[in-house]
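# Observations on the model geometry
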Amino acid sequence: MHLLLCEDHDLIASGIVAGLGAQGAVVDRVDTARAAEALLKVARFDAMILDLGLPDEDGLKLLKRLRQQGQALPVLVLTARDAITDRVAGLEAGADDYLLKPFDLRELNARLHTLLRRMAGRAQNRIEHGALCHDPSSRETWLGGEPVDLSRREQALLHALLQNKGRVLSAEQLKDCVYGFGDEVESNALNVHIHHLRRKLGNNIVETVRGLGYRLGPAGSDQRERA
Ligand code: CA
């Protein structure tokens, strides 16, 4: 899960980055509406966490403008404002969910997963794919009913492929899902993660589409080495 966090309060922001990071999410943080808008133009995110009280612009104004521009990214609004009218205004501006400050990080994490699940039209947390089963909220993966140990980056890569079943993703798109915007990425890092996924989940799990990128293939369909 690659998240954009737009929050100007340093302490709250670092708590969210650390807390959601520990849950396996990649979080890019900005502290102004302008920076959020700029980053949305160059990177792909699964969802945005948006504080309403930003130094350069009201978060609701930013949200309204993004929606007018056709930005469909799921947005969870953080606010200290409790008034019903503010909540209604947030939903009207295009927020998908609302969380009142102060909040518990576990609740934020659970709400984000529910939001993404709803967006993906799934009723359950677990994603099934042939013999493969993946639970993005608990970050557990099973192949043929047996647990498979995946690193954080491998989880993110698998999740991106599962969410885009049948679609080809370019190397750049996959890197966006696996790494934060500011992360130093070695040129062959993606290949290394793909190699590991194939070793753990079967050679065909990641199909190479020559010249275009990669796509999800069948799970565990070759003689996988078992530890
Ligand atoms: Ca604020």
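Residues numbered from 1 in each chain as written. Predicted model: local features only at pLDDT ≥ 70, side-chain atom pairs only at ≥ 80, totals over all residues. Heavy atoms only, no water.

## Here we look at the domain arrangement of the protein
- Each assigned domain of the protein is listed with its residue range as follows: domain 1 (2-119) and domain 2 (127-216).
- Each of domain 1 and domain 2 has a C-alpha centre, and the two are 25 Å apart.
- Contact residues are listed per partner, giving 14 residues for domain 1 and 13 residues for domain 2.
- With both sides pooled, the region where domain 1 packs onto domain 2 buries about 1,100 Å², and carbon together with sulfur makes up 51% of that total.
- In this structure, the connection of domain 1 to domain 2 is made through zero salt bridges.
- For the pair domain 1 and domain 2, the number of links is five residue pairs in polar contact (both at pLDDT 80 or more). (Domains from an automatic or database assignment. Contact = heavy atoms within 4.5 Å. Buried area = accessible area lost by both parts, 1.4 Å probe. Salt bridge = Lys/Arg side-chain N within 4 Å of Asp/Glu carboxyl O. Polar contact = N/O pair within 3.5 Å; in protein donor to acceptor, adjacent residues only side chain to side chain.)

## Describing the packing of helix 6 (residues 152-163) against helix 7 (residues 171-178)
- Following both chains from N to C, one finds helix 6 and helix 7 inclined at 125 degrees, their axes separated by 8 Å at the closest point. Regarding the angle of helix 6 to helix 7, the classification is oblique. Considering how the two elements wind past one another, helix 6 and helix 7 form a crossing that is right-handed. In this structure, helix 6 uses Arg153, Ala156, Leu157, Ala160 and Leu161 to contact helix 7, whose residues at the interface are Leu174, Cys177 and Val178.
- Taken together, the residues of the contact of helix 6 with helix 7 break down into seven nonpolar, no polar and one charged. (Axes fitted to C-alpha atoms, helices over the stretch in contact; angles between N-to-C directions. Helix = DSSP H or I, 4+ residues; strand = E, 2+ residues; numbered from the N terminus. Parallel < 35°, antiparallel > 145°, perpendicular 65-115°, else oblique. Left-handed = near helix turned anticlockwise from the far one by under 90°. Nonpolar A, V, L, I, M, F, W, Y, C, P; charged D, E, K, R; others polar.)

## Considering the environment of leucine 112
- Relative to the elements of secondary structure, leucine 112 occurs in helix 5 (residues 105-119).
- Considering only alpha carbons, one finds leucine 112 and aspartate 97, 15 residues apart in sequence, at a separation of 8.7 Å.
- Ignoring sequence-local partners within four residues, the contact set of leucine 112 consists of Met1, Leu3, Leu20, Ala47, Ile49 and Leu76.

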